[in-house]
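The residues making up each chain are set out below.
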Amino acid sequence: DGQSIQHTMSREVINFSAGPSCLPEEVLRTAQSEFLDWHGCGRSVCEVSHRGKEFTQIIEQTKADIKKVMNVPDDYVILFLVGGGTAQFAAVPMNFASPDTPADYIVSGSWSKQAAEDARPHCKVNIVATSEDSKFTTIPDRSTWKFSPDAAYVHYCDNETIYGVEFQDVPEVPAGVPLVCDMSSNLMSRYVDVSKFGMIYGGTQKNSGIAGVTIAIIRKDLLARSRPTLPSIMNYKKKAEHNSLDNTPPTFSIYMAGLVTRWIVDQGGIEEMFRRRQDKAKRVYAAIDSSNGFYTCPTERSVRSMVNIPIRIKGGDDKTEEAFLKEAEAAKMVELKGHRSVGGLRVSLYNAMSDEGVDRLVKFMDSFQKDHS
């Protein structure tokens, strides 16, 4: 209804999940109120036809709000895709390259590594640089990067959720080579100059909605590279020609992405999301760094993520970390367990995480340290 909504915290449980993540309570309540009857149409938002006037209104408003929030230039198209960000690991080379074409990959964590591996059947993958030898605790030194002279594109992941590594700026790549970025975990949490990219993509289940849909922002001239022999579900050109409606899309996920994007607009846009995320992360890192080694973050300070913070206790004491998780859950703070591949703890601070939630966590960290030192 366009009215401004304020971000409050009345639900007792604080959800620090890395995704699907917490959502603004106001968004959940709006969805609840519209679930049985969307804007007086007599049907649930889940029941309206994806080709009907009701969903046309939903998808067009969602696109308009994404364009506004991210300042998307007119020569870009906004698509809604399925299969999560992971599906784009194969779709990107299928659309933009060929089996005989080199494509460059910067590997700074598990997701960019998987993107490169999934691309291998579809192009000649060149690893520009990798930080795997440091266990993905940093971003490779740029003096070591080796680009292909004729790459179809350069791909990287802006924020690695597992290792808590985030690029602090946009990488410089050879002139004329499209830059493709997986922004699944920091999309709409900070300003980016979209014009520097050939494509940006990201699942919405972290900062901008629920699981089920991936937002893709693609420079229109690149659509000409999509071969007609591609499967329709992976063909960016066909998706663009049909406004992402060539088959039934995940309508409810798009609707929820629209509600969250409108919430971002009403809260003050990306500038406000960025201010909040920096402040929230600063407080958690301060608690870590002032703990005299009780808590540690393995990520190099210069590339610390502002949205995913990995933590070890006593250098990786499993028993103490298990006690932390158990006591945190008793204090109604959940989903703090680190990714299964690295262990430890992980604090995710996406757009909907409240200041109050961070305050509760920081106070708990302090009291837990006093009890277990």
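Just above sits the structure.
Let me sum up the structure you'll find in this document.

Each value, and the rule that gives it
- All chains use their own residue numbering, which begins from 1 and follows the written sequence.
- Per-residue local features are limited, in this predicted model, to residues with pLDDT of at least 70; the limit for side-chain atom pairs, both in listing and counting, is 80 or more; totals at the level of whole chains, interfaces and linings are taken over all residues.
- Where side-chain values are given, they derive from all heavy atoms of the structure, hydrogens and water being excluded.
- Under the pairing criterion, centres of Phe, Tyr and Trp rings, with the six-membered ring standing for Trp, must be within 6.5 Å; the plane angle then separates stacked pairs below 30 degrees from edge-to-face pairs above 60, leaving the rest tilted.
- A simple rule labels every residue: compare its accessible area, found with a 1.4 Å probe on the protein chains alone, to the largest value its type can have, and call it buried under 20%, exposed over 50%, or partly exposed in between.
- Labels follow the DSSP assignment, with helices taken as runs of H or I lasting at least four residues and strands as runs of E lasting at least two, numbered in each case from the N terminus.
- Whether two residues are in contact is decided by their heavy atoms, any of which lying within 4.5 Å being enough.
- Definition used for salt bridges: Asp or Glu carboxyl oxygen within 4 Å of a side-chain nitrogen of Lys or Arg.
- Think of it this way: DSSP has to see at least two bridges between two strands before they count as a pair.
- For helices, the axis comes from a line fit to the C-alpha atoms of the stretch in contact; other axes are also lines fit to C-alpha atoms, and the angle between any two N-to-C directions lies between 0 and 180 degrees.

## Focus on the packing of aromatic side chains
Move 1: Scanning all chains against the criterion turns up 14 aromatic pairs.
Move 2: Ring plane angle 90° and centroid distance 4.8 Å describe the contact between Phe-294 and Tyr-295, whose orientation is recorded as edge-to-face. Accessibility assignment for this pair places Phe-294 and Tyr-295 in one class, buried.
Move 3: When the ring of Phe-324 is compared with that of Phe-368, the centres are 5.1 Å apart and the planes differ by 80°; the resulting orientation is edge-to-face. Pair noted here: Phe-324 is in helix α8 (residues 318-330) and Phe-368 is in helix α9 (residues 355-372), with a separation of 44 residues, a long-range link. For the pair shown, Phe-324 and Phe-368 are each scored as buried.
Move 4: Among the aromatic residues, ring-to-ring pairing joins Phe-294, Tyr-295, Phe-324, Phe-364 and Phe-368 into one connected group.

## As for the side chain of Lys-239
Move 1: Here Lys-239 lies in helix α5 (residues 236-241).
Move 2: Beyond its immediate sequence surroundings of up to four residues, Lys-239 is in contact with Leu-79, Leu-81, Ser-232, Ile-233, Ser-244, Asp-246 and Asn-247.

## Some thoughts on the pattern of salt bridges
Move 1: Going through the model one piece at a time under the given rule, you end up with 25 salt bridges.
Move 2: Its salt-bridge partner being Asp-366, residue Lys-370 comes within 3.2 Å of it at the nearest N-O pair. Of this pair, Lys-370 and Asp-366 both sit in helix α9, four residues apart, which is roughly one turn of the helix.
Move 3: Assessed through its relative accessible area of 63%, Lys-370 is described here as exposed.
Move 4: Judged by relative accessible area, which is 39%, Asp-366 ranks as partly exposed.

## Regarding the sheet that holds strand β14 (residues 345-348)
Move 1: Pairing in this open sheet of three strands is antiparallel, and the strands run β11-β12-β14 from one edge to the other. Across the chains shown, the open sheet's two edge strands, defined by having one partner strand only, are β11 (295-296) and β14.
Move 2: Where strand β12 (residues 308-313) and β14 come together, four bridges link them in antiparallel fashion. Among the inter-strand pairings, Ile-311 is bridged to a residue of β14, identified as Leu-345.
Move 3: This element, α8, spans β11, β12 and β14 of the sheet and lies at about 125° to β12.

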